[in-house]
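Notes for the structure review
What follows is the residue order along each chain.
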Amino acid sequence: MEKLSSGSALQDLSERLAAEEDPNKPCVRICMTGCRAYGAEDLKEAFAKEIDSQGMGDDVEIRETGCHGFCARSPLIAIDPQEIFYQELTPRNVPDIVSQTLKDGAVIGRLLYRDPESRERIESTDDVPFYKSQQRNILRNCGEIDPTKISHYIAREGYAALEQALFKMTPEDVIDEVTRSGLRGRGGAGFPTGVKWNFARRASGDIKYVVCNGDEGDPGAFMDRAVLEGDPHSVLEGMTIAAYAIGASKGYIYVRAEYPIAIDQLITALDQSRELGLMGQDILGSGFDFDIEIREGAGAFVCGEETALLASIEGERGMPRPRPPFPAQSGLWGKPTNI
């Protein structure tokens, strides 16, 4: 893919990539994040060997994805286009899945999820009780796309919101849209996002920053991890829109070092977005400049607090700072910062 120099070029690419996808081609979606702890890598290798040995290499896609969510049934897969859900698999199950399901379209009952109440076997992912009542918004792409392929993200209208913001809206329009949406922070305080962006927009200063708090030190909390590992481009796109809204040209993602997969996915996503002209200088030919740097946290729980996080990025000891001033007025290196 060539570097994109306009919004229309992005739209054309998105339409072409979507059209190139064959909805009828069998696709084995394997979680390659949390399921790795339960043998997902061995499972993937077994699929690759078996599919090749049965002469189906060009007919089946093996897609490495982020977390599917149902970690209690790991390792698990979903087979498209039927949406067949197989769980608690081992490499020994692979020959039957390839010969019976992928080749003949037959469902293997013993590998299906069994409802704990009705004891019935459930074939489709959408019918599994764990998924049935979910409406995924932030996690809409996790478990669906390969997070290392920007083409998957763009084919699902990725970066379309950025294109709309850059070419059809002023920064004030973006802030107004976010304010009217009712979007609020998910860290506990529930502060309105649009109001927060507006504070940083109105703050005086030629240099401003956008910082993503991916430290996530709370025990058992893996929301940040799931997004960063399974859909990193959504984070980059959101940060770029925020930067455009407040007038920032530099961003930082502060992610805990204990998330090596997330860091690898972010590095790959950043490289891909820069190559396509979606990050860096003159994004999509709009004249807007913005780039992102990754900073790894050293495991200090307190650095999840925003001012301690800023101190850590600056190379200082991660200690909370008294407020006011708030980061929107004096944040990273004393400059207006949206976290």
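Refer to the preceding data block for the structure.
Here's what I pulled together on the structure shown here. All of these numbers come straight from a predicted model, not from anything done at the bench. (Residues numbered from 1 in each chain as written. Predicted model: local features only at pLDDT ≥ 70, side-chain atom pairs only at ≥ 80, totals over all residues. Heavy atoms only, no water.)

1. Re the overall build of the protein
Helix and strand counts for the protein come out as 12 helices and 10 strands. Against the globule reference of 20 Å for 339 residues, the protein gives a C-alpha radius of gyration of 22 Å, in line with a compact fold. On the principal axes, the C-alpha backbone points of the protein span a range of 65 × 45 × 35 Å. Here the protein holds 339 residues, and 46% of them are scored as buried. A fraction of 67% describes how many contacts in the protein between residues 6 or more apart in sequence connect residues 24 or more apart. (Helix = DSSP H or I, 4+ residues; strand = E, 2+ residues; numbered from the N terminus. Rg over C-alpha atoms; globule rule 2.2 N^0.38 Å. Buried < 20%, exposed > 50% of the residue type's maximum accessible area, 1.4 Å probe, protein only. Contact = heavy atoms within 4.5 Å.)

2. Quick look at the sheet that holds strand 10 (residues 337–338)
Across the sheet, which stays open at both edges, the 4 strands sit in the order 9-8-7-10 with parallel pairing between neighbours. In this open sheet, the two strands that pair with only one neighbour each are strand 9 (291–297) and strand 10. When strand 7 (residues 209–214) meets strand 8 (residues 250–256), the two strands line up parallel, connected through 6 bridges. Across the sheet, residue C212 finds its bridge partner in strand 8, namely I253. Together, strand 8 and strand 9 form the strand contacts of helix 11 (residues 260–275), whose direction differs from that of strand 9 by roughly 170 degrees. (Pairing = 2+ DSSP bridges. Axes fitted to C-alpha atoms, helices over the stretch in contact; angles between N-to-C directions.)

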